[in-house]
Amino acid sequence: MNKVSQHGQWSSRLAFVLAATGSAVGLGNIWKFPYITGENGGGAFVLVYLLCIFAIGVPIMAAEIMLGRRGRKSPINTMRDLAKEAGANPFWKTLGWVGVVAGFLILSYYSVIAGWAMAYVVRVASGMFEGVTADGVGSIFGQFVADPEKLLAWHSLFMILTMLVVARGVKGLERAVKFLMPALLLLLVLLVGYAMDQGAFRQAVNFLFSPDFSKLNSEGVLTAMGHAFFTLSLGMGSIMVYGAYLPSKVSIGSTAVIIALADTAVALLAGLAIFPIVFIHGLEPGSGPGLIFQTLPIAFGQMEYGAFFGTMFFVLLVFAAWSSSISLIEPAVAWLVENRKMSRMRACIWSGLVTWLVGIGTVLSFNITSDIKFFDKTFFDVLDYLTANIMLPLGGLSIAVFAGWVMTKEVTKEELNFNKPAVFKAWLFLVKYVSPVAVVIVFLKAVNLI
Ligand code: TRP
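(A) Region of the structure containing the pattern of salt bridges. Overall, the coordinates contain 9 salt bridges when judged by the stated rule. Between Arg69 and Glu415 there is a salt bridge; the shortest N-O distance is 3.0 Å. Residue Arg69 is found in helix 3 (residues 43-71), and its partner Glu415 is found in helix 17 (residues 409-416); the two are separated by 346 residues along the sequence. What makes Arg69 buried here is its relative accessible area of 4%. Lys73 serves as the salt-bridge partner of Asp81, at 2.8 Å between the closest nitrogen and oxygen. Of the residues examined, Lys73 reaches a relative accessible area of 29% and is grouped as partly exposed.

Now the structure itself:
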């Protein structure tokens, strides 16, 4: 098949790898991975997360890219066409719809946190953290999130930035990512170097890499699995819609492996940079979503040229979030353009507005409505749990089932075009049996059914 998407195509394999890595690497790696690792006791959680990335994430990523490229449309229409091609029930299209909703919900809170990162660019640059203590950094963060107007302003700004790029077509960011991702990696290495000098490095390494399974419950296993989907941008159509813009000849399998490796490297480096600071200052690893904002500024306040490096770091973090956020909304925008015959601009305004509105709920959940809880969770916690722990694994499960059981072997083999038959067999085994069974077991365990 040599169809091309109506929304255009990546200029090369490298462009796709960069864009998909840009989507994968974001707040999930640097903000979320460290704090959920802290909340779930460290090593055992990290081990399960890594297992999920490589045994479930990589094969599903190959499947999701493949579906996108085969269909060449927004995930909703792609699923409709592919179900038809396979002679399956048109209901599969629902997978596309669930993905669109998940994308809206994730972006609504993602944008709020990206707003925090933007606020911290200004704060670090202004020298606010010079020589500050751990307590000081904590109270600065506390005051910041207690102020709904500030959070709202930054959330609004981030949403505008996101929609500006999406309006021009997601391919606009591909050139920027080429420089920004390596720069982010370099700064992380520098931070790890700083952390190594601080004395608690061994303790951090132990915390992250020596598994103690008594610290991990089944809820933690679900969180680790959900995060594997989240950090790789899987299960809601982001990667599918990017796959739709992928030239036909490019090998999908090796691309998926490269993206997963890059993504994992960034997350582990972030952990190695943050936990030494946590331990040396006697902070609480499980302190939640504020973790990086309460640790890294201490380092920037103490190291030489800290204001400079700190500003750079948060700027790059904002860019990483930016290149992720555009992929969260692209499936919806592509669908509006295809089915509602809207211009890209109009489609962006509408979907941006809806996301922005839902985001206000998250803004308030850190201050005014922080006491309003459903099942002991704030609005933000509920959104995060519903999307990362439920919707994404379900989406991933459906993608695996569709690719492994519904599509014919001839089609998947042709589209994936692995150079060795054994690799195709291994992939098929993973998406047919391993991923679906693993997801189902983890779900059942989390609700105490087994
Ligand atoms: N993976 C990104 C991160 O780690 C976030 C993201 C982008 C995402 N697109 C997604 C998460 C699709 C889930 C699904 O920051």
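(B) Broad picture of the environment of Thr378. Summarising the element assignment, Thr378 is placed in the loop between helix 15 (344-365) and helix 16 (379-406). Thr378 gets classed as buried once you look at its relative accessible area, which sits at 10%. Once you skip the residues sitting within four places of it in the chain, Thr378 turns out to touch Ser365, Ser370, Ile372 and Lys373.

(C) Spotlight on the site of the ligand. Of all residues adjacent to the ligand, which total 17 residues, the nearest are Ala24, Gly28, Tyr110, Phe230 and Ser233. Asn29 is positioned with one of its side-chain polar atoms (N or O) 3.4 Å from an oxygen atom of the ligand. Its free accessible area being 370 Å², the ligand has 100% of it covered by the protein chains. Elements supplying a minimum of two residues to the shell around the ligand: helix 1 (13-24), helix 2 (27-39), helix 5 (93-125), helix 10 (218-231) and helix 14 (306-339).

(D) Inspection of unusual backbone geometry at higher detail. A positive phi angle, near 60°, is found at Ser233, a position not held by glycine. Relative to the helices and strands, Ser233 resides in the loop between helix 10 and helix 11 (238-244). Overall, Ser233 belongs to the buried group, its relative accessible area being 10%. In the Ramachandran plot, Asn417 falls in the positive-phi region, its phi being about 50° despite a non-glycine side chain.

(E) Structural detail: the packing of aromatic side chains. In total, this model carries 31 aromatic pairs according to the counting rule given. A ring pair is formed by Tyr120 and Phe144, whose centres lie 5.9 Å apart and whose planes are at 75°; its orientation type is edge-to-face. In this pair, Tyr120 sits in helix 5 while Phe144 sits in helix 6 (residues 134-145), placing the two residues 24 residues apart along the sequence. When the centroid spacing of 5.1 Å and the interplanar angle of 40° are considered together, the rings of Phe366 and Phe380 count as tilted. Note that Phe366 is positioned in the loop between helix 15 and helix 16 and Phe380 in helix 16, a separation of 14 residues in sequence. Each member of the pair, Phe366 as well as Phe380, carries the same accessibility label: buried. Note that Arg123 overlies the ring of Tyr120, its terminal NZ or CZ placed 5.6 Å from the centroid.

(F) Here's a closer look at the side chain of Thr362. Inspection of the secondary structure puts Thr362 in helix 15. Look past the residues within four positions of Thr362 in its chain and what remains in contact with it is Tyr109, Val112, Phe379, Phe380 and Leu383.

(G) Structural view of helix 15. With 22 residues, helix 15 should cover 32 Å at 1.5 Å per step; its first-to-last C-alpha distance of 32 Å lies within 8% of that length. Taken residue by residue, helix 15 has Arg344, Ala347, Cys348, Ser351, Gly352, Thr355, Gly359, Thr362, Val363 and Ser365 as its buried positions. Residues of helix 15 that are buried in the fold lie against helix 5, helix 7 (148-168), helix 14 and helix 16.

(H) Examining the side chain of His7 more closely. Tracing the chain through its elements places His7 in the segment before helix 1. Residue classification places His7 among the buried residues on the basis of a relative accessible area of 13%. Only 2.8 Å separates the side chain of His7 from the side chain of Glu338, close enough to count as a polar contact. Once residues lying within four places of it in the same chain are set aside, the contact partners of His7 are Lys171, Tyr245, Ala334, Val337 and Glu338.

Conventions we followed
- Residues numbered from 1 in each chain as written.
- Predicted model: local features only at pLDDT ≥ 70, side-chain atom pairs only at ≥ 80, totals over all residues.
- Heavy atoms only, no water.
- Salt bridge = Lys/Arg side-chain N within 4 Å of Asp/Glu carboxyl O.
- Helix = DSSP H or I, 4+ residues; strand = E, 2+ residues; numbered from the N terminus.
- Buried < 20%, exposed > 50% of the residue type's maximum accessible area, 1.4 Å probe, protein only.
- Contact = heavy atoms within 4.5 Å.
- Near = heavy atom within 4 Å.
- Polar contact = N/O pair within 3.5 Å; in protein donor to acceptor, adjacent residues only side chain to side chain.
- Areas by Shrake-Rupley, 256 points an atom, 1.4 Å probe, with all protein chains shown as cover.
- Phe/Tyr/Trp six-rings, centres within 6.5 Å; stacked < 30°, edge-to-face > 60°.
- Lys NZ or Arg CZ within 6 Å of the ring centre and 35° of its normal.
- Expected span 1.5 Å × (residues − 1).

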